[in-house]
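This is what each chain is made of:
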Amino acid sequence: MEQENKNNTTEKKQPINSQNAREHLANERTLLAWIRTSIGIMAFGFVVVKFSLFIKQISLLLGKDHSLPPQHGYSSIIGIILVAVGAVVLLLAYLKFKKTEQQLNDENFVPSSKLVFALTIIILSISVLLIMYLVESTKRY
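Residues numbered from 1 in each chain as written. Predicted model: local features only at pLDDT ≥ 70, side-chain atom pairs only at ≥ 80, totals over all residues. Heavy atoms only, no water.

## Overview of unusual backbone geometry
Unlike most non-glycine residues, glutamate 107 shows phi in positive territory, near 55°. Note that glutamate 107 resides in the loop between helix 3 (74-105) and helix 4 (114-139). (Helix = DSSP H or I, 4+ residues; strand = E, 2+ residues; numbered from the N terminus.)

Given below as structure tokens:
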């Protein structure tokens with residue numbers, strides 16, 4: 001019984017020729033690049049939230065009479081959204097990795113740039129929101 005299970009598992013794994021191995025390794029490098037991107041997005045969101053908290057603490061320390069702009073909490077919201085976007089990018093990257101891996105195994109690879117397009121639109125939207133927020137906050141001075 002145990003021998004049959006071992007044979008079933010080994011039958012699923014096929015030996016990979018050198019060209020196919022390069023393709024699989026390239027797929028893994030792409031996944032790692034997406035992981036670095038998602039970590040960068042999450043780290044940026046974390047910094048935005050922490051900087052917002054730092055500014056709030058400084059304004060409390062200095063008193064409310066000083067010329068710091070009023071806090072609306074947009075920085076915290078944007079930071080949390082960035083962390084969530086980073087997590088979603090990580091999940092989508094893994095799903096794309098598995099899909100590409102299956103296509104390479106089936107020798108039926110079809111390239112797709114949907115993830116890149118979606119990430120570009122999301123980051124562009126967040127950038128526009130950040131620019132609007134920064135322009136509005138500089139008008140208060």
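## Brief notes about the pattern of salt bridges
The full count for this structure, using the stated rule, is one salt bridge. With its nearest N and O atoms 2.8 Å apart, the salt bridge here joins lysine 98 to glutamate 101. Of this pair, lysine 98 and glutamate 101 are both found in helix 3, three residues apart, which corresponds to roughly one turn of the helix. The class for lysine 98 is partly exposed, based on a relative accessible area of 35%. You can call glutamate 101 partly exposed: its relative accessible area is 22%. (Salt bridge = Lys/Arg side-chain N within 4 Å of Asp/Glu carboxyl O. Buried < 20%, exposed > 50% of the residue type's maximum accessible area, 1.4 Å probe, protein only.)

## Observations regarding the confidence of the model for the chain
A low pLDDT score tells you not to read the predicted coordinates there in detail. For the chain, per-residue confidence averages 80 on the pLDDT scale, and 79% of positions sit at 70 or higher. For the chain, helix 1 (residues 2-12) is the element with the lowest average pLDDT, namely 52, and helix 3 is the one with the highest, namely 90. (pLDDT = per-residue confidence, 0-100.)

## A short note on helix 4
The terminal C-alpha atoms of helix 4 lie 38 Å apart, and with 26 residues this matches the ideal 38 Å at 1.5 Å per residue to within 8%. Those residues of helix 4 hidden inside the fold are in contact with helix 2 (18-62) and helix 3. (Expected span 1.5 Å × (residues − 1). Contact = heavy atoms within 4.5 Å.)

## Observations concerning helix 2
The end-to-end C-alpha distance of helix 2 is 65 Å, a good match for the 66 Å that 45 residues give at a rise of 1.5 Å each. Of the residues making up helix 2, those classed as buried are Asn20, His24, Asn27, Leu31, Trp34, Ser38, Ile41, Gly45, Val48, Val49, Ser52 and Ser59. Each element contacted by the buried residues of helix 2 is listed here: helix 3 and helix 4. Within two residues after helix 2, glycine 63 carries a phi angle of roughly 100°, on the positive side.

## Quick notes on the packing of helix 2 against helix 4
The geometry of a pair of packed helices is captured by two quantities: the angle between their axes and the separation between those axes. The contact between helix 2 and helix 4 brings their axes to 14 Å, and the two run at 15°. Judged by the angle between their axes, helix 2 and helix 4 are roughly parallel. Classified by chirality, the crossing of helix 4 by helix 2 is left-handed. Residues Trp34, Thr37, Ile41 and Phe44 of helix 2 touch helix 4, and the partners they reach there are Leu115, Val116, Leu119, Ile123 and Leu130. Broken down by class, the residue content of the contact of helix 2 with helix 4 amounts to eight nonpolar, one polar and no charged. (Axes fitted to C-alpha atoms, helices over the stretch in contact; angles between N-to-C directions. Parallel < 35°, antiparallel > 145°, perpendicular 65-115°, else oblique. Left-handed = near helix turned anticlockwise from the far one by under 90°. Nonpolar A, V, L, I, M, F, W, Y, C, P; charged D, E, K, R; others polar.)

## Comments concerning the packing of aromatic side chains
For the coordinates displayed, the defined rule picks out one aromatic pair. On the basis of an interplanar angle of 35° and a centroid distance of 6.4 Å, the ring pair of tyrosine 94 and phenylalanine 97 is categorised as tilted. Linking tyrosine 94 with phenylalanine 97, this pair stays in helix 3, spanning three residues, or about one helical turn. Phenylalanine 97 gets classed as buried once you look at its relative accessible area, which sits at 12%. (Phe/Tyr/Trp six-rings, centres within 6.5 Å; stacked < 30°, edge-to-face > 60°.)

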